[in-house]
Amino acid sequence: MISIKKITKKYGSDYYALKDVSLDIQSGEFVSLVGQSGTGKTTLVKLIIAEEKPTSGRIIIGGWDITKIESYEIPYLRRQIGVVFQDFKLLPKMTVYENVAFALQTCGAKKRKITDTVPQVLKIVGLDNKMDRYPHQLSGGEQQRVVIARSLVHRPKLLIADEPTGNLDSINTKEIIDLLLKINEIGTTVLLVTHNREVVNNLKKRVITIDNGEIVSDQERGRYLL
Amino acid sequence: MVRSFLIKKEVDIYYNYFFVAMFFIDIYRAFKFAWQSFWRNFWLSIVTITIISLALISVSLLLSFNLITANVLDIVQARTEIYIDLTDQAKTAQIDFLVNELNRVPDIKEVVYVTPDQTLERFKATYQDNELVIQSLESLGTNPFTGSLRIKVQEIDQFPVLLEEISKPEYSEILEIDNAEFYQARDLITSISSYSDKIEGFGFGISIFFILISVIVVFNTIQMGIYSHREEIGIMKLVGASNWFVRAPFLIEGVLYSVVAILIVLILFYPIAALIQPHLDNFLGEYTLDLVQSINQNIWLVLALEIGIAMFITVVSSFLATRRYLKV
Ligand SMILES: Nc1ncnc2c1ncn2[C@@H]1O[C@H](COP(=O)(O)OP(=O)(O)O)[C@@H](O)[C@H]1O
Ligand SMILES: [Mg+2]
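What counts and how
- Residues numbered from 1 in each chain as written.
- Chains lettered and ligands numbered in written order.
- Predicted model: local features only at pLDDT ≥ 70, side-chain atom pairs only at ≥ 80, totals over all residues.
- Heavy atoms only, no water.
- UniProt positions renumbered as here; feature names shortened; annotations may be inferred.
- Helix = DSSP H or I, 4+ residues; strand = E, 2+ residues; numbered from the N terminus.
- Buried < 20%, exposed > 50% of the residue type's maximum accessible area, 1.4 Å probe, protein only.
- Contact = heavy atoms within 4.5 Å.
- Areas by Shrake-Rupley, 256 points an atom, 1.4 Å probe, with all protein chains shown as cover.
- Domains from an automatic or database assignment.
- Buried area = accessible area lost by both parts, 1.4 Å probe.
- Phe/Tyr/Trp six-rings, centres within 6.5 Å; stacked < 30°, edge-to-face > 60°.
- Near = heavy atom within 4 Å.
- Polar contact = N/O pair within 3.5 Å; in protein donor to acceptor, adjacent residues only side chain to side chain.
- Nonpolar A, V, L, I, M, F, W, Y, C, P; charged D, E, K, R; others polar.
- Patch = residues over 30% accessible without salt bridge, like charges linked within 9 Å, V, L, I, M, F, W, Y side chains within 5 Å.
- Salt bridge = Lys/Arg side-chain N within 4 Å of Asp/Glu carboxyl O.
- Pairing = 2+ DSSP bridges.
- Axes fitted to C-alpha atoms, helices over the stretch in contact; angles between N-to-C directions.
- Right-handed = clockwise from strand over helix to strand, strands pointing away.

- Under an unreviewed UniProt entry, the name given to chain B is Cell division protein FtsX.
- The Sequence similarities (unreviewed entry) field of the UniProt record for chain B holds the comment "Belongs to the ABC-4 integral membrane protein family. FtsX subfamily."

- Labelled according to an unreviewed UniProt entry, chain A appears under the name Cell division ATP-binding protein FtsE.
- What UniProt records for chain A under Sequence similarities (unreviewed entry) is the sentence "Belongs to the ABC transporter superfamily."
- Its UniProt record, at the heading Subunit (unreviewed entry), says of chain A: "Homodimer. Forms a membrane-associated complex with FtsX."

Spelled out as structure tokens, the structure:
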């Protein structure tokens, strides 16, 4: 699914955000990427969705070498990867339904496809009964679930969640992690970026630990090391 | 039931195929967006439209000026006809010979012999309202005019050639040459051309200046629009909106500004023309031009120019702004 080969990412002339990182993720896996703040986790996510270009190395996603992707091809890549960022919020003037529909509209989907898909993904995240609410009428966990629903509209084979529980209390955090597990179970590869020790230790799934831009451990059924 | 990742080529045939159709369906969305931005930054929109209008007005004035000078030059140019008097000694055979000779010169379009009677008629017609002249002519009792040659050249610039031709010594006893009339017309043209070149250069400079300012202002307006929509744009890009889809609303916003500016200029044109017309008549006298009429005659040119300039301004600036700030 994801094959990263000797990736280095420099910012400026001498700051290495990532150094010689290699990793492979198979279809259907649930992988946690952990590490302290500022160690290059988000940088890795940005490389995978082609928001940044690597300084050296190769990135192959689903057989598609995106190392030198053209800018007009990027939208096609993004439609196949669901992304949840901590800071990519909902649009406050749109309802839950409209926020999710927006992702399809802006990709030019037909009306029919929108009216079919939006209720489906909202059902997956358990918010099909709150479609007409505005974001401020939802809890933090519910808002994040809408964001996840939005990331699912293109039926991605890969879902990347970068610190999706960063602002949430432990009950909401558990809800979100359970939702990600459920999404993984219906066949989506999940890459979860987190520094929540409890979450990682409870998951008992593969854990990749990154420190100072380098992978320091990669374990099946791993634990939070740092 | 693990789904494998699609590879690039199988992807989104659906979207590609329908892209064009969907763009037009969603033009409604883009218009709605542009309309909202217009009202959100009302004063900025007004400034933007004003500056585009100024650019269009300066271009229109330049065009009108062009039409006016072309008209004046046309009128002067058309006077490529000149009368040269024959002396009393000229005999019919000599006159015929001369007419033949001159007709053979390539730059000369036509040479016609005008009899003294014809000249008299023409003189009387010209001064029919001036009784004093008519009376003193009648008091003479005879026809005071000699025969003359009416010569037409192809272009007013060719008068010197004509002059050289008729100045040949063999014609000197049958022609009475007065150079003044030639040079008057030619000098008039030269001076009109040089003045109009200067004014046109100035008008051109002003137009370029306003066009550049407009590009900067529109660029700035679009940039602010992008800034106030940055969250929406971020989401759009993250979920895979095509680059044109992200860009289109801003391009259409720019187009909307220019359409409004064009309408304003077209509405303002007729009152402005009516205001200028009397001054133009005063200044140009017999060479004057009916502004409204000549713009109406050239309406397609005018529209094409206005639309062309307005589109140039908005498309260039919104294209640059979206490219710079949307990183598409
Ligand atoms: N656009 C950028 N320009 C310069 N430095 C950056 C940029 N983005 C990230 N960095 C730096 O790269 C390092 C890794 O950042 P990031 O990948 O966001 O870390 P993490 O997500 O693990 O907290 C940080 O030190 C950050 O300051
Ligand atoms: Mg981060």
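The structure having been displayed, the exposition proceeds.
### Comments concerning the overall build of chain B
Argument step 1. Regarding its fold elements, chain B presents 12 helices and 4 strands.
Argument step 2. Counting the 328 residues in chain B, one finds 40% classified as buried.
Argument step 3. Considering only contacts in chain B between residues 6 or more positions apart, those separated by 24 or more positions represent 83%.
Argument step 4. As displayed, chain B has an accessible area near 18900 Å², and 63% of this comes from carbon and sulfur atoms.

### Observations concerning the domain arrangement of chain A
Residues and elements named next belong to chain A.
Argument step 1. As far as domains go, chain A holds domain 1 (1-80 + 157-169 + 188-226) and domain 2 (89-155).
Argument step 2. Once you take the C-alpha centre of each, domain 1 and domain 2 turn out to be 25 Å apart.
Argument step 3. With 5 residues of domain 1 at the contact, the number on the domain 2 side is 7 residues.
Argument step 4. Summing both partners gives a buried area of about 590 Å² for domain 1 against domain 2, and 61% of it is carried by carbon and sulfur.
Argument step 5. Looking only at domain 1, the three residues that lose the most surface to domain 2 are Arg 79, Leu 159 and Leu 168, adding up to 69% of its buried area.

### What about the packing of aromatic side chains?
When we look at a pair of aromatic rings, we describe it by the centre distance and by the angle of the planes.
All names here are of chain B.
Argument step 1. One pass over the structure, following the stated rule, counts 11 aromatic pairs over all chains.
Argument step 2. For the pair Trp 39 and Phe 42, a centre-to-centre distance of 5.5 Å together with 10° between the ring planes defines the contact as stacked.
Argument step 3. For Phe 42, a relative accessible area of 28% translates into the label partly exposed.
Argument step 4. On the numbers, 5.0 Å between centres and 50° between planes, the contact of Phe 123 with Phe 145 is tilted.

### Here's the deal with the site of ligand 1
Residues and elements named next belong to chain A.
Argument step 1. Close to ligand 1 lie Tyr 11, Tyr 15, Ala 17, Gln 36, Ser 37, Gly 38, Thr 39, Gly 40, Lys 41, Thr 42 and Thr 43.
Argument step 2. Taking Gly 40, its main chain carries an N or O atom lying 3.1 Å from an oxygen atom of ligand 1.
Argument step 3. Lys 41 has a polar backbone atom sitting 2.9 Å from an oxygen atom of ligand 1.
Argument step 4. Expressed as a share of its isolated accessible area of 560 Å², the protein-covered part of ligand 1 is 61%.
Argument step 5. If you list the elements that add at least two residues to the shell around ligand 1, you get strand S2 (15-25) and helix H1 (41-48).
Argument step 6. Of all the elements, H1 adds the most residues to the shell around ligand 1, at 3 residues.
Argument step 7. Residues belonging to the shell around ligand 1 are distributed by class as follows: 3 nonpolar, 7 polar and 1 charged.

### What about the environment of Lys93(A)?
All names here are of chain A.
Argument step 1. Residue position: Lys 93 is located in the loop between strand S6 (81-85) and helix H3 (96-105).
Argument step 2. Counting along the chain gives 43 residues from Lys 93 to His 136, while the straight-line C-alpha distance between them is 9.4 Å.
Argument step 3. Contacts of Lys 93, omitting those with residues within four sequence positions, involve Glu 98 and Tyr 134.

### Considerations on the side chain of Arg206(A)
Residues and elements named next belong to chain A.
Argument step 1. You can see Arg 206 is positioned in strand S9 (residues 206-211).
Argument step 2. From its side chain, Arg 206 meets the backbone oxygen of Asp 24 in a polar contact 2.8 Å long.
Argument step 3. Once residues lying within four places of it in the same chain are set aside, the contact partners of Arg 206 are Asp 24, Ile 25, Glu 29, Phe 30, Val 31, Ser 32, Asp 218, Gln 219, Glu 220 and Arg 221.

### Quick notes on a nonpolar patch on the surface
All names here are of chain B.
Argument step 1. The grouping of Leu 61, Ile 264, Leu 268, Ile 272, Leu 275 and Ile 276 at the surface amounts to a nonpolar patch, some 480 Å² of accessible area in total.
Argument step 2. The greatest single-element share of the nonpolar patch, amounting to 5 residues, is contributed by helix H10 (residues 243-284).
Argument step 3. When you line up the elements, Ile 276 lands in helix H10.
Argument step 4. When its relative accessible area of 31% is taken as the criterion, Ile 276 is described as partly exposed.

### Let's talk about the sheet that holds S6(A)
All names here are of chain A.
Argument step 1. Pairing within the open sheet is mixed, and its 6 strands lie in the order S6-S7-S8-S3-S9-S10. Each edge of the sheet is formed by a strand with only one pairing partner; in this case those strands are S6 and strand S10 (214-219). The average angle at which neighbouring strand axes cross in this sheet is 15°, direction not considered.
Argument step 2. Relative to strand S7 (residues 158-162), S6 runs parallel, the two being bridged by 5 bridges. Within the sheet, the bridge partner assigned to Val 83 lies in S7 and is Ile 160.
Argument step 3. Seen against the sheet, helix H5 (residues 140-151) touches S6 and S7 and runs at an angle of roughly 160° to S6.

### Brief notes about the pairing of strand S8 (residues 189-194) of chain A
All names here are of chain A.
Argument step 1. Counting buried positions along S8 gives 6 out of 6 residues, so the element sits mostly inside the fold.
Argument step 2. Side-chain alternation along S8 places Thr 189, Leu 191 and Val 193 on one buried face and Val 190, Leu 192 and Thr 194 on a second face that is also buried.
Argument step 3. The pairing of strand S3 (residues 30-34) with S8 spans 5 bridges and is parallel. Bridge pairing links Leu 33 to Val 193 in S8.
Argument step 4. As judged from the 5 bridges shared by S7 and S8, these two strands associate in the parallel manner. For Leu 158, the partnering residue across the bridge sits in S8 and is Thr 189.
Argument step 5. For the segment spanning S7, helix H6 (residues 170-185) and S8, crossover handedness is right-handed.

### Looking at the sheet that holds strand S1 (residues 81-86) of chain B
In a beta sheet, neighbouring strands are held together by backbone hydrogen bonds and run either parallel or antiparallel to one another.
All names here are of chain B.
Argument step 1. Strand order in the open sheet formed by 4 strands is S2-S3-S1-S4, and the pairing between neighbours is antiparallel. Where the open sheet ends on each side, the last strands, each with one partner, are strand S2 (108-114) and strand S4 (175-176).
Argument step 2. In this structure, S1 lies alongside S4, joined through 2 bridges in antiparallel fashion. Note on S4: the bridge partner recorded for Leu 86 is Leu 175.
Argument step 3. Sitting on the sheet, helix H4 (residues 92-103) is in contact with S1, S2, strand S3 (148-153) and S4, with an inclination near 165° to S2.
Argument step 4. Sheet contacts for helix H5 (residues 116-126): S1, S2 and S3; angle to S2, the most-contacted strand, approximately 95°.

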